[in-house]
Amino acid sequence: MDFKESLREKTSRINREISEYLPPETGFQKTILAACNYSVINGGKRLRPLLMQYAYILCRNNGSEELGPEEKTAVVPFMAAMEMIHSSSLVHDDLPCMDNDVLRRGVPSTWAKFGEDMGTLAGDGLMLYAFETACKSTAEPGKAMKCLGVLARKSGLFGMVGGQTVDVELTGKRPDKEQLEFIYKYKTGALIEASLMIGAILAGADEAVTKKLEEAAACVGMAFQIQDDILDVTATESELGKPIGSDSCKGKVTWLTYYGMEQSERDVSAYTEKALDIIRQIGSCRFLEELLISLIGRRS
Ligand code: GRG
């Protein structure tokens, strides 16, 4: 099976697995439950759960590239939780008080479909339901506890929310290069860091290996966000599933503002190569390597 086919197959499996952890849409509060499920189910590359699963496989290192049944019940709840947190951040990011976007993943954004009130509540609810879901993991309690800590820290004030705060505060102003790097590392990189770290911890990796994967993930996060900036200029609306040119419209300083297109493209490759170097010091996982390489020229 070639990489593209394998990615399609693994992504649809993850979609099925995540769906099993979504809440049933019943009860007086069924509107918010529908809004949460809509936000998660709606497409998406499932990059973070894929990274988590393959970081686990890299660190477990038993020659197989699949999860056994007992491994699934330990790892999949965290994969689903990660995608819920990521989706909740997209829901909030699209709100009128943030990016005010009405399109996401090619369909109306959650607030555009359910209203601003439900959009806000769905983002809140999904973020918390992610932790409820992660608690369903059958991983050994010590490991699960560590992973919950990583998930909370990297999502919160010292992770994604922290990065988003600086991004919002400096929109329309001129963040310097250091501030821009902070925004990328935290708003985008933190969840990618958590994904690789949680995969490693669940596989029983020690502190040193987990730290190395955190470093590799930070590079992936930088490459991913710089490519996002490139796509905002070069992609079409149908490729992106959301409006293009929104950064310049909002007067946002991006990597391209400081480094231009060619250097930005070189930086995406260089950050990815650095991540691959670190990962290869830990072990060998062909799918994980191919996945990271595929992100360099991604069009969506
Ligand atoms: C929900 C408590 C709470 C806080 C949210 C709004 C916010 C705080 C954070 C925004 C973070 C953000 C949207 C960062 C950008 C990261 C990014 C490049 C997202 C796009 O990820 P993809 O391309 O999306 O993986 P898909 O649709 O493929 O899943």
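Coordinates for the structure precede this section.
Residues numbered from 1 in each chain as written. Predicted model: local features only at pLDDT ≥ 70, side-chain atom pairs only at ≥ 80, totals over all residues. Heavy atoms only, no water.

### Here's the deal with a nonpolar patch on the surface
Then comes step 1: A cluster of nonpolar side chains, namely Leu-157, Phe-158 and Val-161, defines an oily patch on the protein surface of about 330 Å² accessible area.
Then comes step 2: With respect to the helices and strands, the residue Val-161 is situated in helix H8 (residues 160-170). (Patch = residues over 30% accessible without salt bridge, like charges linked within 9 Å, V, L, I, M, F, W, Y side chains within 5 Å. Areas by Shrake-Rupley, 256 points an atom, 1.4 Å probe, with all protein chains shown as cover. Salt bridge = Lys/Arg side-chain N within 4 Å of Asp/Glu carboxyl O. Helix = DSSP H or I, 4+ residues; strand = E, 2+ residues; numbered from the N terminus.)

### Thoughts on the environment of Ile-41
Then comes step 1: Mapped onto the secondary structure, Ile-41 falls in helix H2 (residues 30-41).
Then comes step 2: Sequence spacing of Ile-41 and Met-84 is 43 residues, and the spatial spacing of their C-alpha atoms is 9.8 Å.
Then comes step 3: Residues in contact with Ile-41, not counting those within four places in the same chain, are Leu-22 and Arg-46. (Contact = heavy atoms within 4.5 Å.)

### Points about the site of the ligand
Then comes step 1: Neighbouring the ligand are 19 residues, the closest being Lys-45, Arg-48, His-86, His-92 and Arg-105.
Then comes step 2: Contacts to the ligand include Arg-48, whose side-chain N or O atom sits 2.8 Å from an oxygen atom.
Then comes step 3: The contact in question runs from an oxygen atom of the ligand to an N or O atom on the side chain of His-86, over 2.7 Å.
Then comes step 4: The fraction of the free accessible surface of the ligand (750 Å²) that becomes covered by protein chains is 89%.
Then comes step 5: Of all the elements in the fold, those that place two or more residues in the shell around the ligand are helix H4 (69-94), H8, helix H9 (177-202) and helix H10 (207-234).
Then comes step 6: Per-element tally for the shell around the ligand: the top contributor is H4, with 6 residues.
Then comes step 7: For the shell around the ligand, a count of residues per class yields 5 nonpolar, 8 polar and 6 charged. (Near = heavy atom within 4 Å. Polar contact = N/O pair within 3.5 Å; in protein donor to acceptor, adjacent residues only side chain to side chain. Nonpolar A, V, L, I, M, F, W, Y, C, P; charged D, E, K, R; others polar.)

### Digging into the packing of H9 against helix H13 (residues 255-282)
Then comes step 1: At a closest axis distance of 14 Å, the pairing of H9 and H13 adopts a crossing angle of 50 degrees. In terms of orientation, H9 lies oblique with respect to H13. Regarding H9 and H13, the two cross each other, and that crossing is right-handed. Each of Lys-177, Leu-180, Glu-181 and Tyr-184 in H9 lies in contact with H13, whose residues at this interface are Trp-255, Tyr-258, Tyr-259 and Tyr-271.
Then comes step 2: Among the residues making up the contact of H9 with H13, the classes are represented as 6 nonpolar, no polar and 2 charged. (Axes fitted to C-alpha atoms, helices over the stretch in contact; angles between N-to-C directions. Parallel < 35°, antiparallel > 145°, perpendicular 65-115°, else oblique. Left-handed = near helix turned anticlockwise from the far one by under 90°.)

### Things to note about the nonpolar core
Then comes step 1: Core analysis: the biggest nonpolar cluster contains 82 residues, and Leu-51, Phe-78, Met-84, Leu-151, Ile-198, Leu-202 and Leu-213 have the highest contact counts within it.
Then comes step 2: Here the element with the most residues in this core is H9; it accounts for 12 residues.
Then comes step 3: In this structure Leu-202 touches Tyr-56, Ala-74, Val-75, Phe-78, Ala-139, Lys-143 and Cys-147, once residues within four positions along its chain are discounted. (Core = buried A, V, L, I, M, F, W, Y, C linked by side-chain atoms within 4.5 Å. Buried < 20%, exposed > 50% of the residue type's maximum accessible area, 1.4 Å probe, protein only.)

### What to know about the packing of aromatic side chains
Then comes step 1: The final tally for this structure, using the stated rule, is 7 aromatic pairs.
Then comes step 2: Where Tyr-54 meets Phe-287, the ring centres are 4.6 Å apart and the plane angle is 50 degrees; that geometry is what we call tilted. Of this pair, Tyr-54 sits in helix H3 (residues 47-60) while Phe-287 sits in helix H14 (residues 286-296), and the two are 233 residues apart along the sequence. Phe-287 shares its class with Tyr-54; the two are buried. (Phe/Tyr/Trp six-rings, centres within 6.5 Å; stacked < 30°, edge-to-face > 60°.)

### Comments concerning the state of the cysteines
Then comes step 1: Going through the model one piece at a time under the given rule, you end up with 0 disulfides.
Then comes step 2: Free cysteine: Cys-135, not disulfide-bonded; nearest cysteine sulfur from Cys-147 at 11 Å.
Then comes step 3: Note on Cys-135: relative accessible area 54%, which makes it exposed.
Then comes step 4: A relative accessible area of 0% places Cys-147 in the buried class. (Disulfide = S-S within 2.5 Å.)

### What about unusual backbone geometry?
Then comes step 1: Within the chain, Asn-61 stands out as a residue other than glycine whose phi angle is a positive 50 degrees.
Then comes step 2: Topologically, Asn-61 is positioned in the loop between H3 and H4.

### Concerning H3
Then comes step 1: Its 14 residues give H3 an end-to-end C-alpha distance of 20 Å, which sits within 8% of 20 Å, the value for a rise of 1.5 Å per residue.
Then comes step 2: With 14 of 14 residues buried, H3 is to be regarded as a mostly interior element.
Then comes step 3: Phi turns positive, to about 50 degrees, at Asn-61, one or two residues after H3. (Expected span 1.5 Å × (residues − 1).)

### With respect to empty space enclosed by the protein
Then comes step 1: According to the stated counting rule, one finds 2 cavities of 30 Å³ or more in the structure shown.
Then comes step 2: Reported here for the largest cavity is a volume of approximately 80 Å³.
Then comes step 3: Lining the largest cavity are 13 residues, and of these Ser-39, Val-91, Asp-94, Arg-104 and Thr-110 sit closest to its centre.
Then comes step 4: Sorting elements by how many residues they give to the lining of the largest cavity places H4 first, with 4 residues. (1 Å grid on protein atoms, 1.4 Å probe; cavity = no way out; pocket = protein on both sides within 12 Å on 5 of 7 lines; lining within 4 Å. Points joined across faces, edges and corners; volume = space filled by probe spheres on them.)

### Observations regarding the pattern of salt bridges
Then comes step 1: If you walk through the whole model with that rule in mind, you get 21 salt bridges.
Then comes step 2: The closest approach of N and O atoms between Asp-167 and Lys-187, which form a salt bridge, is 3.1 Å. Of this pair, Asp-167 sits in helix H8 while Lys-187 is found in helix H9, placing the two residues 20 residues apart along the sequence.
Then comes step 3: Residue Asp-167 is classed as buried on the basis of its relative accessible area, which comes to 10%.
Then comes step 4: Taking the shortest distance from any N to any O, the salt bridge between Glu-290 and Arg-286 comes out at 3.3 Å.

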